Amino acid sequence: MLNKNTGTVLGLSMITILAACGDSGDKPDPLNAGDTDKARSVQRIPAPPEETTGTDGPTAEAVELALDGSPVDISQIHQCAATPGRGLGFSSWTDDHVGDGSAGVRVGGGFEYEKGRVLINYQSKKWVAEEGVGSLSFNRIDTRTSDGHSFVTVEATGKAVAGTDELPFSLTVTCEPGGT
């Protein structure tokens, strides 16, 4: 005879087993989809938040961007907000950026837990990489320097899209909690 608590435990166990079995339908696997239109996905490289101490890590806020393999000189950081263990948000641009994107580059975005979004204003187009649009892979690294400063760094790669055009990019953003 089962008492009330045993029934609850068995019910939760069955739910856990069913959830672990999952759906065996024909859903695409974003990790093995290859470089096709079906591969438009967001992928977070699973890694527990790292907490490192030392001088090998970042020492200031920075944004490094390459578009189609060419480095872009991001010189202005307008916003760079971070929360260790959670993510960051940023907005930055080149010195020659014009609001409509006809000159220079503006890049911004946000990364929170396993979700991310990158927006690039370049060549008079607005390029986007996020879940369901383009492709985006990223990893977040939390560090603490020996003098007590904390930094959150996101390393991201992918393809941003504007209509049917694709723009490969790589991005490294480092923000300090309480920074700009």
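Calculation criteria
- Residues numbered from 1 in each chain as written.
- Predicted model: local features only at pLDDT ≥ 70, side-chain atom pairs only at ≥ 80, totals over all residues.
- Heavy atoms only, no water.
- Helix = DSSP H or I, 4+ residues; strand = E, 2+ residues; numbered from the N terminus.
- Buried < 20%, exposed > 50% of the residue type's maximum accessible area, 1.4 Å probe, protein only.
- Contact = heavy atoms within 4.5 Å.
- Areas by Shrake-Rupley, 256 points an atom, 1.4 Å probe, with all protein chains shown as cover.
- Core = buried A, V, L, I, M, F, W, Y, C linked by side-chain atoms within 4.5 Å.
- Pairing = 2+ DSSP bridges.

Caption draft 1: Quick look at the overall build of the protein. Within the protein, the regular secondary structure consists of 1 helix and 12 strands. When the elements of the protein are put in sequence order from the N terminus, they spell out α-β-β-β-β-β-β-β-β-β-β-β-β. Of all 180 residues assigned to the protein, the portion counted as buried reaches 34%. Considering only contacts in the protein between residues 6 or more positions apart, those separated by 24 or more positions represent 50%. In the structure as shown, the protein presents an accessible area of about 10,800 Å², 52% of it carried by carbon and sulfur atoms.

Caption draft 2: Expanded view of the nonpolar core. In this structure, Phe 111, Phe 169 and Leu 171 are the most contacted members of the largest nonpolar core, which totals 28 residues. Apart from residues lying up to four places away in sequence, Leu 171 is in contact with Val 63, Glu 64, Leu 65, Phe 90, Phe 111, Val 118, Val 154, Glu 155 and Ala 156.

Caption draft 3: View of the pairing of strand β10 (residues 135-145). Among the 11 residues in β10, 9 count as buried, and that is most of the element. Bridge analysis of β10 against strand β11 (residues 150-162) gives 10 bridges, and the strand direction is antiparallel. Bridged to Asp 142 within β11 is Val 152.

Caption draft 4: Region of the structure containing the environment of Glu 176. Structurally, Glu 176 can be placed in the segment after β12 (165-175). Counting along the chain gives 115 residues from Glu 176 to Glu 61, while the straight-line C-alpha distance between them is 6.3 Å. Residues in contact with Glu 176, not counting those within four places in the same chain, are Glu 61, Cys 80, Ala 82, His 149, Ser 150 and Phe 151.

Caption draft 5: Quick look at unusual backbone geometry. Even without glycine at this site, Asp 68 takes up a positive phi of about 50°. Of note, Asp 68 is situated in the loop between β3 (62-67) and β4 (70-72). Phi angles above zero are rare outside glycine, and Tyr 113 is one such case at about 50°. Mapped onto the secondary structure, Tyr 113 falls in the loop between β7 (105-112) and β8 (115-122). The class of Tyr 113 is partly exposed, set by a relative accessible area of 48%.

Read these as spatial facts, not as claims about activity.
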